[in-house]
Amino acid sequence: MSTAFVKLLVTDLPRSLAFYEALGFERTQSEPPFVRLQWAGAVDVYLVAPPAQLQLEGRRGLGVLVGIRVEAPSGLDELLLRAQAQGAEVEGPTVQPWHTREVVVTDPDGYRLNFIEPA
């Protein structure tokens with residue numbers, strides 16, 4: 001069986017962890033420098049604090065959208081409110097021609113999370 005996950009290098013692990021948990025991600029494992037989070041028990045996101053000698057500069061994830069399906073009724077609307085409460089940059093919601101409703105949330109390091117539900 002194969003599974004997919006994403007690792008995100010973050011500049012401030014406690015700040016990023018608080019942000020993702022406020023959006024609704026659940027912490028399932030924490031072994032510094034990694035924190036494993038899950039969305040709805042199905043999507044794994046690892047926040048990684050890089051070694052001190054590695055300097056992270058500029059925006060991360062340029063050109064990449066991390067896609068996450070939202071299954072719960074009113075889930076996208078709730079997520080939108082949570083993201084706005086965190087002061088996150090939010091795009092949408094947008095109804096796409098491929099029959100999805102989407103919100104893009106930018107995290108504190110510039111990673112773009114594309115939350116999707118059926119339209």
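Before reading on, note that the structure itself is shown above.
Residues numbered from 1 in each chain as written. Predicted model: local features only at pLDDT ≥ 70, side-chain atom pairs only at ≥ 80, totals over all residues. Heavy atoms only, no water.

Caption draft 1: Layout of the overall build of the protein. Looking only at helices and strands, the protein has 2 helices and 8 strands in total. The linear arrangement of helices and strands in the protein, starting from the amino end, is β-α-β-β-β-β-α-β-β-β. Scaling as 2.2 N^0.38, a compact globule of 119 residues should have a C-alpha radius of gyration of about 14 Å, and the protein matches this with 14 Å. In the protein, buried positions account for 38% of the 119 residues. (Helix = DSSP H or I, 4+ residues; strand = E, 2+ residues; numbered from the N terminus. Rg over C-alpha atoms; globule rule 2.2 N^0.38 Å. Buried < 20%, exposed > 50% of the residue type's maximum accessible area, 1.4 Å probe, protein only.)

Caption draft 2: Inspection of the sheet that holds strand β8 (residues 112-118) at higher detail. On the basis of which strands lie adjacent, the open sheet formed by 4 strands has the order β5-β8-β7-β6 and mixed pairing. The open sheet has two free edges, formed respectively by β5 (65-69) and β6 (89-95), since each of these has just one partner strand. Strand-to-strand twist in this sheet, taken as the mean axis angle between neighbours without regard to direction, amounts to 20 degrees. In terms of strand pairing, β6 meets strand β7 (residues 100-106) through 5 bridges, oriented antiparallel. Counted as the bridge partner of T94 is E102 from β7. Against the sheet, helix α2 (residues 75-85) touches β6, β7 and β8, its axis set at about 15 degrees to β7. (Pairing = 2+ DSSP bridges. Axes fitted to C-alpha atoms, helices over the stretch in contact; angles between N-to-C directions. Contact = heavy atoms within 4.5 Å.)

Caption draft 3: Representation of the sheet that holds strand β2 (residues 26-31) within the structure. Sheet architecture is open: 4 strands sit in the order β1-β4-β3-β2, paired in mixed fashion. Strands with a single pairing partner mark the edges of an open sheet, and in this sheet they are β1 (5-9) and β2. The average angle at which neighbouring strand axes cross in this sheet is 20 degrees, direction not considered. Taken together, the 6 bridges between strand β3 (residues 34-39) and strand β4 (residues 43-48) define a ladder with antiparallel strand orientation.

Caption draft 4: Quick look at the side chain of T106. With respect to the helices and strands, the residue T106 is situated in strand β7. Excluding residues within four positions of it along the chain, T106 makes contact with F19, A88, E89, Y111 and R112.

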